Amino acid sequence: QLRGYIVFWREWIPVNNMYQWEEKGWEHVDGSQSSFAVTGLRVAVPTRFKFGVLADTVGGFGTETYVDDYTNTGEPQGHVEDIVVTSAGPDVLNVTWKPLDLERRNGRLLGYRVRYCRVAVGPVDSCPDACTQTQEVNASGEETTSHQLRDLSPFTTYRVQVVAFN
């Protein structure tokens, strides 16, 4: 027999240049309720929270169910760093990067956009860094740190940019 639910929440906080979940609160919710509003969360800056729910029955507690999300999300700030492009064959490039710092994500990242273009070849007096037809692919996932560009023009110089998105 259901007695209610335990709703709890944790905040993702920095500790000694690392991150960990910190317990922030919990409530016992009546079994007839199908929703619960968590109030008092820090929302001045995007903050990651994990919310959990478990059933409270006369036989004990059920299995925890989690969801985590951010408050006050916005566009990621800053630039992706440590982008490295290496050849993996005449028409393939491996692109790797350092994930965008959590403080600059402004919410949960959906992934990274890898933009690339062939560098134009022309007369000496033309702009040496001019690009022809920029293309873009999405590398999905918040912690994704690499993508492989395939079917490129063999032995051609490319310019590559990586941008986080949410």
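In short, a report on the structure. Just so it is clear, the structure is predicted and the values come from calculations on it, not from any experiment.

This paragraph deals with the pairing of strand β3 (residues 47-57). Pairing geometry for strand β1 (residues 2-15) and β3, over nine bridges, is antiparallel. If you follow R10 over to β3, its bridge partner there is K50. Examined bridge by bridge, β3 and strand β5 (residues 65-71) share seven bridges and lie antiparallel to one another. Bridge pairing links T47 to T71 in β5. Between β3 and strand β4 (residues 60-61), which follow one another and run antiparallel, lie two residues.

A word on the nonpolar core. If you look at the biggest cluster of nonpolar residues, it comprises 16 residues, and the most contacted ones within it are W97, Y112, L149 and V162. For this core, the elements supplying multiple residues, two or more each, are β7 (93-98), β8 (111-119) and β11 (158-165). Among the elements that line this core, the one with the most residues is β11, at four residues.

Attention shifts here to the sheet that holds β11. Strand order in the open sheet formed by three strands is β9-β8-β11, with antiparallel pairing between adjacent strands. The open sheet has two free edges, formed respectively by β9 (131-140) and β11, since each of these has just one partner strand. The average undirected angle you get between the axes of adjacent strands in this sheet is 20°. Judged from the eight bridges that link them, β8 and β11 form a sheet pairing that is antiparallel. Along β11, the bridge assignment pairs Y116 with V160.

Here the focus is the packing of aromatic side chains. Enumeration according to the criterion identifies seven aromatic pairs in this entry. The interplanar angle of 80° and the centroid separation of 5.8 Å between the aromatic rings of F8 and Y66 together place this pair among those described as edge-to-face. Highlighted residues: F8 in strand β1 and Y66 in strand β5, separated in sequence by 58 residues. Taking the ring centre of W12 as reference, the NZ or CZ of R48 above it sits at 5.5 Å. Note that R113 overlies the ring of F165, its terminal NZ or CZ placed 4.1 Å from the centroid.

Bringing the sheet that holds strand β10 (residues 146-149) into the picture now. Pairing in this open sheet of three strands is antiparallel, and the strands run β6-β7-β10 from one edge to the other. This sheet does not close on itself; its edge strands, each paired only once, are β6 (81-87) and β10. Taken pair by pair, the neighbouring strands of this sheet meet at an average axis angle of 15°, ignoring direction.

Overall, the coordinates contain 11 salt bridges when judged by the stated rule. One salt bridge in this structure joins E142 and R105, with 3.4 Å as the shortest N-O distance. Placement of the pair is E142 in the loop between β9 and β10 and R105 in helix α1 (residues 102-105), with a sequence separation of 37 residues. Accessibility classification places E142 together with R105 in one group, the buried group. In this structure, R113 and E136 form a salt bridge, with 3.4 Å as the shortest nitrogen-oxygen distance. Within this pair, whereas R113 is found in strand β8, its partner E136 is found in strand β9, the two being separated by 23 residues in sequence. Since its relative accessible area comes to 43%, E136 is described here as partly exposed.

Quick notes on the rules
Residues numbered from 1 in each chain as written. Predicted model: local features only at pLDDT ≥ 70, side-chain atom pairs only at ≥ 80, totals over all residues. Heavy atoms only, no water. Pairing = 2+ DSSP bridges. Helix = DSSP H or I, 4+ residues; strand = E, 2+ residues; numbered from the N terminus. Core = buried A, V, L, I, M, F, W, Y, C linked by side-chain atoms within 4.5 Å. Buried < 20%, exposed > 50% of the residue type's maximum accessible area, 1.4 Å probe, protein only. Axes fitted to C-alpha atoms, helices over the stretch in contact; angles between N-to-C directions. Phe/Tyr/Trp six-rings, centres within 6.5 Å; stacked < 30°, edge-to-face > 60°. Lys NZ or Arg CZ within 6 Å of the ring centre and 35° of its normal. Salt bridge = Lys/Arg side-chain N within 4 Å of Asp/Glu carboxyl O.

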